[in-house]
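Per-entry structural report
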Amino acid sequence: MDVRRADERYPGGDEAAGITSRHAFSFGPHYDPDNLRFGALIACNEERLAPGSGFDEHPHSHTEIVTWVVEGELTHRDSTGHETVVRAGDVQRLSSAGGVRHIERNDAAVPLTFVQMWLAPHDPGGDPAYEIVHGIADSTPYAVPEAAAMLHVRRLSPEERTAVPDGAFVYVHVVRGEVRLGDEELTAGDAARVTNAEALDAVAVTRAEVLLWEMAAP
């Protein structure tokens, strides 16, 4: 188990423009050859957008982009004609495939916080695709077959225990609250990278929300 703390994330964004970003992996000008990916996961970004701010149209390719809104509303528009509002509890996925452009904005009057995770597909190329699942339940994992990955959402009450999926690569990201994972205690923004996970539980110390990626070996 490799634990990475919230304050170890690379800072990014443009605070003068209302954008605050924190990157868990090597990203943009913060190049770290020893921190390029874990399993299929190549980015886990915590984003905060002030009202009226956002990311102007920009391109992506050969990436599965999964977004989880923590609070607020995210407005998404892309070059294939999709325009949606993503709210807390929704899972949004943009398969950029051979290439797509999109815009992400906070058009609401309150601050927006979201976690965006990028995964490398096993077979790059193809046509872009888009999906949004509203109000995903804890008991319903979200599959990203292109990257041989599964996202599990866990919302836990204090002292509640949940099994971490067994797998070659498991990435545990604490969205809010505090959890105990083995001998480690993780708080909001902390993450654990677990290789060959087996018979591991997460126990909530406080009310908590956790994202778990279950990924197969490459």
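You'll find the structure just up there.
Attention in this report is confined to the structure presented alongside it. As the structure is a prediction and not an experimental result, all values here were calculated from the model. Residues take numbers from 1 onward in each chain, read along the sequence in its written order. Per-residue local features are limited, in this predicted model, to residues with pLDDT of at least 70; the limit for side-chain atom pairs, both in listing and counting, is 80 or more; totals at the level of whole chains, interfaces and linings are taken over all residues. Hydrogens and waters are ignored; side-chain quantities use all the structure's heavy atoms.

Quick notes on the overall build of the chain
Keep this limit in mind: Secondary structure counts use DSSP, requiring at least four H or I residues in a row for a helix and at least two E residues in a row for a strand, with both numbered from the N terminus. Only C-alpha atoms enter the radius of gyration, while the globule expectation follows 2.2 Å times N to the 0.38, with N the number of residues. Partly exposed describes any residue whose relative accessible area lies between the buried limit of under 20% and the exposed limit of over 50%, with all areas from a 1.4 Å probe on protein chains only and scaled to the type maximum. Here a residue-residue contact requires only that any non-hydrogen atoms of the pair lie within 4.5 Å. For the area figures, the Shrake-Rupley method with a 1.4 Å probe applies, and any residue is considered shielded solely by the protein chains shown. Charged-residue counts in this description rest on Lys and Arg as positive and Asp and Glu as negative, His and the chain ends being excluded. Charge placement uses NZ in Lys and CZ in Arg. For Asp and Glu, CG and CD serve respectively.
When helices and strands are counted, the chain shows 0 helices and 21 strands. For 218 residues, the compact-globule formula gives about 17 Å, and the C-alpha radius of gyration of the chain, at 16 Å, lands near that figure. Expressed as a percentage of its 218 residues, the buried residues of the chain come to 48%. Long-range pairs, those at least 24 residues apart, make up 73% of the contacts in the chain between residues at least 6 apart in sequence. Approximately 9,700 Å² of the chain is accessible, and the part contributed by carbon and sulfur atoms is 49%. Each charge sign in the chain was given a centre, from 18 positive and 36 negative side chains, and these centres are 3 Å apart.

What about the nonpolar core?
What counts, and what does not: In these notes, a set of buried Ala, Val, Leu, Ile, Met, Phe, Trp, Tyr and Cys residues joined through side-chain atoms within 4.5 Å is what counts as a nonpolar core.
Trp68, Met117, Leu119, Tyr171, Trp213 and Met215 are the most contacted members of the largest nonpolar core, which has 27 residues in total. Among all residues touching Trp68, those that are not within four sequence positions of it are Gly89, Asp90, Val91, Phe114, Val115, Met117, Ile136, Val153, Arg155, Val175, Glu209 and Leu211. Counting 18 residues, the second largest nonpolar core, distinct from the first, contains Val3, Val172, Leu181 and Leu186.

A word on the environment of Ser61
Residue placement: Ser61 occurs in the loop between strand S5 (54-60) and strand S6 (64-71). On the accessibility criterion, Ser61 (33% relative accessible area) is partly exposed. Sequence spacing of Ser61 and Gly126 is 65 residues, and the spatial spacing of their C-alpha atoms is 9.9 Å. Beyond its immediate stretch of four places on either side in the chain, Ser61 contacts Ser96, Ala97, Gly98 and Gly99.

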